[in-house]
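Each chain, written out:
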Amino acid sequence: MPRPHPAQLAYGSAAVVLSALAMLLVPQARSGAGVVVVACAALALGLLVALRIPAGRTEPDPRTVRETPPARPGHRGAARAGDDPRVPQPSLRR
């Protein structure tokens, strides 16, 4: 089972606390049953918020990954724009 991302924990916890405060203060729930209903609703809302936050990616997006050219044997350092391993062929057109 994957572990929750820190942003998921933070947003879910904030949603629980803020929604519980709002639901307790606005309708002024004073009975025990009202407080239990508010607490359950706040936990459900916090869980919903935490699940809606996208988790951190473990694999890079394949659309943004740039393919690096294969390294040539005995070659050190990064390939430059002018380093083309192909041998230029003379043109047959004149």
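Residues numbered from 1 in each chain as written. Predicted model: local features only at pLDDT ≥ 70, side-chain atom pairs only at ≥ 80, totals over all residues. Heavy atoms only, no water.

Q: Where do I start with helix 2 (residues 32-52) in this structure?
A: Because each turn of an α-helix spans 3.6 residues, side chains separated by three or four positions end up pointing in the same direction. With 21 residues, helix 2 extends 30 Å from end C-alpha to end C-alpha; this agrees with the ideal 30 Å at 1.5 Å per step. Listing the buried residues of helix 2 in full gives G34, V38, A42, G46 and A50. Down the axis of helix 2, the buried set is contained in an arc of 135°. They therefore lie on one face. The exposed residues of helix 2 that point more than 90 degrees off its buried face are A33, V37, L43, L47, L51 and R52. Looking at the buried side of helix 2, the elements it contacts are helix 1 (6-25). (Helix = DSSP H or I, 4+ residues; strand = E, 2+ residues; numbered from the N terminus. Expected span 1.5 Å × (residues − 1). Buried < 20%, exposed > 50% of the residue type's maximum accessible area, 1.4 Å probe, protein only. Arc of directions from axis to C-beta. Contact = heavy atoms within 4.5 Å.)

Q: Is there a simple way to think about a nonpolar patch on the surface in this case?
A: Where nonpolar side chains cluster on the molecular surface, the patch consists of V17, L18, L21 and L25 and spans about 420 Å² of accessible area. Within the element layout of this structure, V17 appears in helix 1. (Patch = residues over 30% accessible without salt bridge, like charges linked within 9 Å, V, L, I, M, F, W, Y side chains within 5 Å. Areas by Shrake-Rupley, 256 points an atom, 1.4 Å probe, with all protein chains shown as cover. Salt bridge = Lys/Arg side-chain N within 4 Å of Asp/Glu carboxyl O.)

Q: Even after reading the chapter, I still don't get the side chain of S19, so can you show me in this structure?
A: Within the fold, S19 resides in helix 1. By relative accessible area, which is 11% here, S19 ends up buried.

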